[in-house]
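Fold and geometry: a report
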Amino acid sequence: MNANTKNDNGFSLNFRTCLLILVGARIGAVVTFISTDDWSVSAYVLGGYAVVILITLCAVIWTDTVVPHQAKKQAALRALGKDGIKLIRSDPVAKLAYKGIYALLSGKLAHAEEILQEALSRSDIRQNQMFCIEWLARLYEAMENNSKLMWCYRKATEYAPDNPEMQSRLGHAYFSEGKLDQATYCFEQALRYDPNHGYSYFSLAKIQMVRGEDKKAFETLQNLMKINENHPLCHAELADWYAMNGNAEKAEEECRKAQLCGIHDPDELNKRINAMLSFHKTDYDEKNLPELFYRKIEAKGQDKK
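For clarity, every value in this text was computed on a predicted model and none was experimentally measured. (Residues numbered from 1 in each chain as written. Predicted model: local features only at pLDDT ≥ 70, side-chain atom pairs only at ≥ 80, totals over all residues. Heavy atoms only, no water.)

**Considerations on unusual backbone geometry**
The phi torsion at Glu-144 lies on the positive side, around 55°, for a residue other than glycine. You can see Glu-144 is positioned in the loop between α6 (126-143) and α7 (146-159). Under the relative-accessibility criterion, Glu-144 is labelled exposed at 70%. (Helix = DSSP H or I, 4+ residues; strand = E, 2+ residues; numbered from the N terminus. Buried < 20%, exposed > 50% of the residue type's maximum accessible area, 1.4 Å probe, protein only.)

**Structural notes on the pattern of salt bridges**
What the rule picks out here adds up to 14 salt bridges. Two residues, Lys-179 and Glu-177, come together in a salt bridge whose shortest N-O distance is 3.3 Å. Between Lys-257 and Glu-254 there is a salt bridge; the shortest N-O distance is 4.0 Å. Residue Lys-257 and its partner Glu-254 are located together in helix α13 (residues 248-260), separated by three residues, close to a single helical turn. Judged by relative accessible area, which is 32%, Lys-257 ranks as partly exposed. A relative accessible area of 5% places Glu-254 in the buried class. (Salt bridge = Lys/Arg side-chain N within 4 Å of Asp/Glu carboxyl O.)

**Considering the packing of aromatic side chains**
By the definition in use, this model includes five aromatic pairs. Note on Phe-187 and Tyr-199: the rings are 6.5 Å apart at their centroids and 65° apart in plane angle, and the pair reads as edge-to-face. Remark: Tyr-199 occurs in helix α10 (residues 198-210) and Phe-187 occurs in helix α9 (residues 180-193); sequence separation between them is twelve residues. A residue is classified by how much of its surface remains accessible, and Tyr-199, at 28% relative accessible area, is partly exposed. Taking 6.1 Å as the distance between ring centres and 75° as the angle between the ring planes, the aromatic pair formed by Phe-218 and Tyr-242 counts as edge-to-face. A residue pair is termed long-range when its members are at least 10 positions apart, and Phe-218 in helix α11 (residues 214-227) and Tyr-242 in helix α12 (residues 232-244) qualify at 24 residues. (Phe/Tyr/Trp six-rings, centres within 6.5 Å; stacked < 30°, edge-to-face > 60°.)

**Focus: the environment of Met-166**
Residue position: Met-166 is located in helix α8 (residues 164-176). For Met-166, a relative accessible area of 4% gives the class buried. Beyond its immediate chain neighbours, meaning those up to four positions away, Met-166 contacts Met-130, Glu-134, Tyr-153, Ala-156 and Thr-157. (Contact = heavy atoms within 4.5 Å.)

**Some points on the confidence of the model for the protein chain**
The pLDDT averaged across the protein chain works out to 79; a share of 69% of its residues lies at or above 70. Residue range residues 1-13 is modelled with pLDDT below 50. Its contacts to residues more than four positions away, or to other chains, number 15 contacts. (pLDDT = per-residue confidence, 0-100.)

**Quick word on α6**
Taking 1.5 Å per residue as the helical rise, α6 with its 18 residues ought to reach 26 Å, and the 25 Å between its terminal C-alpha atoms agrees with that figure. Downstream of α6 by one or two residues, Glu-144 has phi in the positive range, about 55°. (Expected span 1.5 Å × (residues − 1).)

**Quick notes on the nonpolar core**
Nonpolar side chains tend toward joint burial in soluble globular proteins. Residues Leu-136 and Tyr-153 are the most contacted members of the largest nonpolar core, which totals 48 residues. No other element matches α6, which puts eight residues into this core. Not counting chain neighbours up to four residues away, the residues in contact with Leu-136 comprise Glu-113, Leu-116, Gln-117, Leu-120, Trp-151 and Cys-152. Counting 16 residues, the second largest nonpolar core, distinct from the first, contains Tyr-242, Met-244, Ala-251 and Leu-269. (Core = buried A, V, L, I, M, F, W, Y, C linked by side-chain atoms within 4.5 Å.)

Below you can see the structure in the form of structure tokens.
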């Protein structure tokens, strides 16, 4: 528990500690006076306690205000790289980016957006543009603003169409909206620039399964297996593929492999596989079937990119 931890009524733990010390000082002075019946002695004692209280208050102020402030400043500087201090002294855009990152870390999201957008508009080097975009993406994730996050990814692929990670992120965003043509294009672009980009293989296979192109999906997953045979998402998707096609033995085998390779949520995978396998029997429960099984993600009337 850190120094800034607060309880329900808003008082910090350090503030409560100071109150206890103050009460202790008062009690100590009174006890000293009663035991000695000498105000001069109790005055010295009270003065000593006052010094302790003053030091404690200074420590509280330092811990609750100065330390967090400095930590955020250092984090913002580290974000600029090892030459962060030199950059903010010599590059106006870097200084703006630093202020935007600091505002983001301080929870001032609207102010951070304004500054980072200004930094982006004043950037004329691709590396700086991508840096601003990356931090704007983090900002919009914190704001849970999907439309602006989508704008970020589109902007990133405009600045750096050969960046497989940004192409993949944009593809995932399109997939979440059901725009599978655009998503497919992005994942294919990611693989164009990085033929070993495993997540794009996995995502393409999922799209192909949604569209009922099971043969293509299987081939795509086999290509991913050649690159990384221990990819947990690959085994999970193969388990889905076999379950959707009613092959219980192979589905369970791939499910076990996914778990051995460290799949993030094995319980959810087992539930999904069992639901799809039971669909081929008479005792299935439609409520437990994933949306993927119904192949309903495809958005209607989507424009090809």
